Amino acid sequence: MKTSFKFSLKDKNILKPIHSFARTRKIKLYLVGGILRDLLLGREKENPDFDFCLKRGAISFGKKLAKKIKAGFVVLDKEHGACRLVKKIKDKTYTLDFTDFRGKNLEVDLLHRDFTINAVALELEKVFAQNDLTNSFIDPYEGRKDLKTRIIRIVNKRAFSEDPLRILRVFSFACILDFNIGKETLRLVKLEKNKLAKVSNERIRDELFKIFESLSAFDYLVMMDKLKILKIIFPEVEKMRGVAQGPYHHLDVWQHSQEAVRQLEGLIKEIKNNREIQDYLNEFISSDRRRRALLKLGALLHDIGKPASLRHKNGKIIFHGHE
């Protein structure tokens, strides 16, 4: 991690009109979550997301700001006061999320965030008042410490009850950041994993693709499989276990499918210096889905039809039509 922290000129240019708009209305805005986590880690994203929170009135503030800066506007959660602005600047698209405090003050709001590394806040005013932000972060739950020790840790024990998708986010964050998972967090994952079945398919899909995008998806898919999380997402997995495939295969259908992901990732790493192939793999195919992630999903599920098409003919195992 860096020893001093400040936003880039590009980020400041994005934040400046928001800061000015808030000042004229005497509204205290706080940056929170991923943008600060990445700043503390020295990470850069192609299209960074900016999350803000304020005491109350987020939707009203966001709607007026959207009109001022000519951004798209959508209400995310009317009941809890959450909205999103989408602003295109040149060839980049930025999302700006605004939410009301989830509690009486900022500290309580941060208590309801997912992980300690995302429960760090910074008053927007400080970005423009101070050159070095090192001592300006609000960090009541030791998120900066967990960033240094590279640990994924939930902020409170009700985190998974408040949003079961966080069970999957434990693995996507660990995968993307190459962090370890805290023992207590992992214990609660095992205990509450079935709550993941209540989450919408769309939200699960988006989190899974973060794992497929990483360089070590195989390791985390295996971990999730051992914890019996994958069978909640892909019930068909259970039918693939123990299905033998004949003399040309030394693994059953499910093990073979996992191995296909491992071999694909190994190949991608082996050709990492081939710019032409990497550009091909990095191409966006649909929405925000890159070819590399779709290939891994395809590798994992390429034989998912085999259990249903299993037949024995002349002493041989066949899977005609499994495609």
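Residues numbered from 1 in each chain as written. Predicted model: local features only at pLDDT ≥ 70, side-chain atom pairs only at ≥ 80, totals over all residues. Heavy atoms only, no water.

Chemist: How should I be thinking about the sheet that holds strand β2 (residues 49-54) in this particular structure?
Modeler: By way of backbone hydrogen bonds, the strands of a sheet pair with one another, either parallel or antiparallel. Ordered by their spatial adjacency, six strands build an open sheet running β3-β4-β5-β2-β1-β6, and the pairing between neighbours is mixed. In the strand order of this sheet, the two ends are held by β3 (72-77) and β6 (121-123), each with one partner. Strand-to-strand, the axes of this sheet are offset by a mean angle of 25°, without reference to chain direction. When strand β1 (residues 30-32) meets β2, the two strands line up antiparallel, connected through three bridges. Each bridged residue has a counterpart across the sheet, and for Leu31 the counterpart in β2 is Phe52. Across the face of the sheet, helix α2 (residues 34-41) comes into contact with β1, β2 and β6 while running at roughly 70° to β1. The sheet strands contacting helix α3 (residues 58-69) are β2, β3, β4 (82-89) and β5 (92-100), and the helix crosses β4 at an angle near 15°. (Pairing = 2+ DSSP bridges. Helix = DSSP H or I, 4+ residues; strand = E, 2+ residues; numbered from the N terminus. Axes fitted to C-alpha atoms, helices over the stretch in contact; angles between N-to-C directions. Contact = heavy atoms within 4.5 Å.)

Chemist: Hey, could you run me through the packing of aromatic side chains in this one?
Modeler: What describes a pair of aromatic rings is the distance from one ring centre to the other and the angle between the planes of the rings. Here the structure, examined in full by the defined rule, presents seven aromatic pairs. Summarising the aromatic geometry, the rings of Phe209 and Phe212 are spaced 6.0 Å apart at their centres and angled 70° between planes, so their arrangement reads as edge-to-face. Of this pair, Phe209 and Phe212 both sit in helix α10 (residues 201-213), separated by three residues, roughly a single helical turn. Relative accessible area serves as the criterion here: at 10%, Phe209 is assigned to the buried category. (Phe/Tyr/Trp six-rings, centres within 6.5 Å; stacked < 30°, edge-to-face > 60°. Buried < 20%, exposed > 50% of the residue type's maximum accessible area, 1.4 Å probe, protein only.)

Chemist: Explain the layout of surface pockets here, please?
Modeler: Left-over empty space is what a probe sized like a water molecule reveals as it rolls over the atoms. Here the second largest pocket defines a volume of roughly 280 Å³. Looking at the second largest pocket, it is lined by 14 residues, and the ones nearest its centre are Ser8, Asp11, Leu39, Arg43 and Glu44. Every element with two or more residues in the lining of the second largest pocket is listed here: α1 (9-24) and α2. Sorting elements by how many residues they give to the lining of the second largest pocket places α2 first, with three residues. Split by residue class, the lining of the second largest pocket holds four nonpolar, two polar and eight charged. (1 Å grid on protein atoms, 1.4 Å probe; cavity = no way out; pocket = protein on both sides within 12 Å on 5 of 7 lines; lining within 4 Å. Points joined across faces, edges and corners; volume = space filled by probe spheres on them. Nonpolar A, V, L, I, M, F, W, Y, C, P; charged D, E, K, R; others polar.)

Chemist: Quick question: what am I supposed to make of the pattern of salt bridges here?
Modeler: Note on pairing: side chains with opposite charge can pair once their charged atoms come close. Under the criterion given, the structure shown has 23 salt bridges. Taking the shortest distance from any N to any O, the salt bridge between Asp225 and Arg241 comes out at 2.6 Å. You can see Asp225 sitting in helix α11 (residues 217-226) and its partner Arg241 sitting in the loop between α13 (237-240) and α14 (253-270), a full 16 residues away along the chain. Among the residues examined, Asp225 registers a relative accessible area of 10% and is labelled buried. (Salt bridge = Lys/Arg side-chain N within 4 Å of Asp/Glu carboxyl O.)

Chemist: Looking at this model, I keep getting lost on unusual backbone geometry. Mind explaining?
Modeler: The phi dihedral of Lys26 falls on the positive side, at around 55°, and the residue is not glycine. You can see Lys26 is positioned in the loop between α1 and β1. Notably, Lys70 is not glycine yet its phi reads approximately 60°, a positive angle. Among the structural elements, Lys70 can be located in the loop between α3 and β3. Lys70 gets classed as exposed once you look at its relative accessible area, which sits at 70%.

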